[in-house]
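# Working through the structure, step by step
Residue strings, one per chain:
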Amino acid sequence: RLDKETSGLIVLTSDGRMVNAVLRGDRKQPKVYKVMVNGRLEEEDLQQLRDGIVIRTVAQRKGKTEEENTLVARTKPCDVERIGPSSCRMTLVEGRNRQIRKMMEGIGFRVVKLHRVEFMGIHLAGKDGVLERPGDWAHLDEDEMLLVENAIRLAEEDN
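Residues numbered from 1 in each chain as written. Predicted model: local features only at pLDDT ≥ 70, side-chain atom pairs only at ≥ 80, totals over all residues. Heavy atoms only, no water.

### Describing the packing of aromatic side chains
To be explicit about the condition: For Phe, Tyr and Trp, rings pair up if their centres lie within 6.5 Å, where Trp contributes its six-membered ring, and each pair is then called stacked (planes under 30 degrees apart), edge-to-face (over 60) or tilted (otherwise). A positively charged side chain is recorded as over a ring if its NZ (Lys) or CZ (Arg) lies within 6 Å of the ring centre. The angle to the ring normal must also be within 35 degrees.
All chains considered together, the criterion is met by zero aromatic pairs. Over the aromatic face of F119 sits the side chain of R116, whose NZ or CZ is 5.9 Å from the ring centroid.

Take a look at the structure:
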């Protein structure tokens, strides 16, 4: 999933095993984003992001109050690489609601643009060309399908 202000890679599938295999538990797969903010990112800012930022998230669980569903905790350490004065590339394994936006707010920035470029080794551009416009799509290639099949197989072996 992506929130409505975020662009980029989404993998569509009708195979429910994939969701369990790559988004839950110990098998969560990395998601890579290009992030642009409304100011200049200093090395100190990037290091804070790498180390984790305390953010507040509310889970959507039925039958519980917002307070019962609220988590205030430090994000897991993540890879952060500068790609410009006001932009960076972030690799997350955890996937809390609006996590990158909240992390940036935690260090005093507002996200101007957020674009997912990779998920579990599947790249937005693909091997055969670039998907340039919102709504462009492509089938997974043979190598990408192997990534998916291996993730499902490993998850099933754990059960």
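### Some thoughts on the pattern of salt bridges
Put simply, the rule is: We define a salt bridge as a contact between a side-chain nitrogen of Lys or Arg and a carboxyl oxygen of Asp or Glu at a distance within 4 Å. A helix here means a DSSP run of H or I that spans at least four residues, while a strand means a run of E at least two residues long, and both kinds are numbered starting from the N terminus. Whether a residue is buried, partly exposed or exposed follows from its accessible area with a 1.4 Å probe, protein chains only, as a fraction of its type maximum: under 20%, in between, or over 50%, in that order.
Under the counting rule described, the total for this entry stands at nine salt bridges. Residues E156 and R17 are paired through a salt bridge, measuring 3.1 Å at the closest nitrogen-oxygen approach. Note that E156 is positioned in helix α4 (residues 142-158) and R17 in helix α1 (residues 16-23), a separation of 139 residues in sequence. You can call R17 partly exposed: its relative accessible area is 43%.

### Focus on the confidence of the model for the chain
Rules: In predicted models, pLDDT denotes the confidence assigned by the predictor to each residue on a 0 to 100 scale.
Averaged over all residues, the pLDDT of the chain equals 87, while 92% of them reach at least 70. Across the chain, the element-wise mean pLDDT spans from 77 in α1 up to 98 in strand β5 (residues 79-84).

### Comments concerning the pairing of strand β2 (residues 31-37)
Put simply, the rule reads: Pairing between strands requires that DSSP locate at least two bridges from one strand to the other.
Of all the seven residues making up β2, five are buried; the element is thus mostly covered by neighbouring parts of the structure. Note: β2 against strand β6 (residues 87-92), six bridges, orientation antiparallel. Paired with K34 across the strands is R89, a residue of β6. Taken together, the seven bridges between β2 and strand β7 (residues 111-119) define a ladder with antiparallel strand orientation. Bridge assignment links M36 to a residue of β7, and that residue is K113.

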